Amino acid sequence: MSFENALVTKGLMLGVALTSVAAGIFDLKHHLNLQLVPHISKHHQYWRLLVHQIACGSSSDLLLVELFLYNVGICIERAFGSVKYASFLIISALMTMLISFIALLIAQLTPVTSSFINNIPPGPIAVMSAVLYQYIRLVPAAYHFRIFGVGMSDKIWVYAIATQLAATRFPDKLLPTAVGLFVGYLYRSDFLQLKAWRVSTKIVRLAEAWIKPVLAETQPVRRTNRVLPDSRAQAEARRRAATLDVEEVVTTARHTRPRTNTATRPSAAAASQNAHERPIESPEDGSTSGGGGVVRQWMTMLASDARPMPRGAATVRAPSQSEISILSSMFPNLDREVILGVLQRSPNIETAAETLLASETSS
């Protein structure tokens, strides 16, 4: 998997990594933690509501977030599109920040909940949970398998990463995880009419002009056009076409000379009679007239029924008029002489058809 058509995910991964490393280098991790008491209620540090989502508090959290974004974020961005995906991330960050703050206030109503729900660890846990909900609803399973009789799919590995990310610093991460899933549900259901909102075109143009060149969009991976391997007969036909002599290569290129009418072409019997009346020309004599010597050799071999091939590997057979007619109807762009020569060098009409088809595909 590459970052093709996933520049927002690539930028998000780089941003989270840089902010987390910078917070560790400059000893700023203590500013990333969010507590209602005393950070919000006493010191009024409301900026922590936004800052605690932009960096991870530990290297293990950073590794899990990067793995999660690589396996989930790329799929969702390709399904949404980069602009819609960026708009979804902004909406998710704002809504999770607001709902988390309201949940912290509600938790202070009772002593039991206030002791358990007062702290939110740093990291984009809520936003990742909102992305996870879209992954659950949009991305189908590629394959299924069973372990000890329990049915699973390939998505189990993503769920394992998300579970491990939520399980660290238990139970502090349960609140942002639940809030993120709830925000993902609200966006998916379109209850608040949030799907139609998009980032402004000015910001999109600015990002394309300044951020996109920095991220350096990756080229797509080159994949082969062959979906299935060739059959044994097609592979043999390709090998035979590759071993033909230069003057015997079958081609489907159109000739510059005009094609003669079918009614004016001589029949096989007339060609055989003319071949008996004319002496056999050597390849050296036929070189002065282009491909005429080769054609005369084919006609002579047709009249004499069989003749050893120059390589000595097999004999040249005389094809019937029905075989010539069948291949002429299958390959109307080929001349009769080319079809006749391929039939003479092939043991049957099926092999000749495969040879012509392979040469037409390769050309």
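Rules behind the numbers
Residues numbered from 1 in each chain as written. Predicted model: local features only at pLDDT ≥ 70, side-chain atom pairs only at ≥ 80, totals over all residues. Heavy atoms only, no water. Phe/Tyr/Trp six-rings, centres within 6.5 Å; stacked < 30°, edge-to-face > 60°. Helix = DSSP H or I, 4+ residues; strand = E, 2+ residues; numbered from the N terminus. Buried < 20%, exposed > 50% of the residue type's maximum accessible area, 1.4 Å probe, protein only. Lys NZ or Arg CZ within 6 Å of the ring centre and 35° of its normal. Contact = heavy atoms within 4.5 Å. Axes fitted to C-alpha atoms, helices over the stretch in contact; angles between N-to-C directions. Parallel < 35°, antiparallel > 145°, perpendicular 65-115°, else oblique. Left-handed = near helix turned anticlockwise from the far one by under 90°. Nonpolar A, V, L, I, M, F, W, Y, C, P; charged D, E, K, R; others polar.

(A) How the structure looks around the packing of aromatic side chains. In total, this model carries seven aromatic pairs according to the counting rule given. When the centroid spacing of 6.4 Å and the interplanar angle of 40° are considered together, the rings of Phe 80 and Tyr 187 count as tilted. With Phe 80 in helix 4 (residues 59–80) and Tyr 187 in helix 9 (residues 174–189), this pair connects stretches of sequence that are 107 residues apart. Overall, Phe 80 belongs to the buried group, its relative accessible area being 14%. Between Phe 145 and Trp 157, the aromatic rings sit 6.2 Å apart at their centres with planes inclined by 15°, giving stacked as the arrangement. Pair noted here: Phe 145 is in strand 3 (residues 144–147) and Trp 157 is in helix 8 (residues 156–167), with a separation of twelve residues, a long-range link. We classify Trp 157 as exposed; its relative accessible area is 52%. Members of the aromatic cluster, joined through ring pairs, are Phe 80, Phe 88 and Tyr 187. Positioned above the aromatic ring of Tyr 135, the side-chain terminus of Lys 155 is 5.1 Å from the ring centre.

(B) Fine view of the environment of Ala 23. For Ala 23, the location among the structural elements is in helix 1 (residues 7–25). The spacing of Ala 23 and Ala 55 is 32 residues in sequence and 7.6 Å in space, taken between C-alpha atoms. Contact partners of Ala 23, with chain neighbours within four places excluded, come to Leu 28, Lys 29 and Leu 32.

(C) Structural detail: the packing of helix 5 (residues 82–107) against helix 7 (residues 125–138). The contact between helix 5 and helix 7 brings their axes to 9 Å, and the two run at 130°. The orientation of helix 5 with respect to helix 7, classified from their angle, is oblique. Here the hand of the crossing between helix 5 and helix 7 comes out right-handed. On helix 7, the residues that touch Tyr 85, Phe 88, Leu 89, Ser 92, Ala 93 and Thr 96 of helix 5 are Ala 126, Val 127, Ala 130, Val 131 and Gln 134. Tallied by class, the residues present in the contact of helix 5 with helix 7 amount to eight nonpolar, three polar and no charged.

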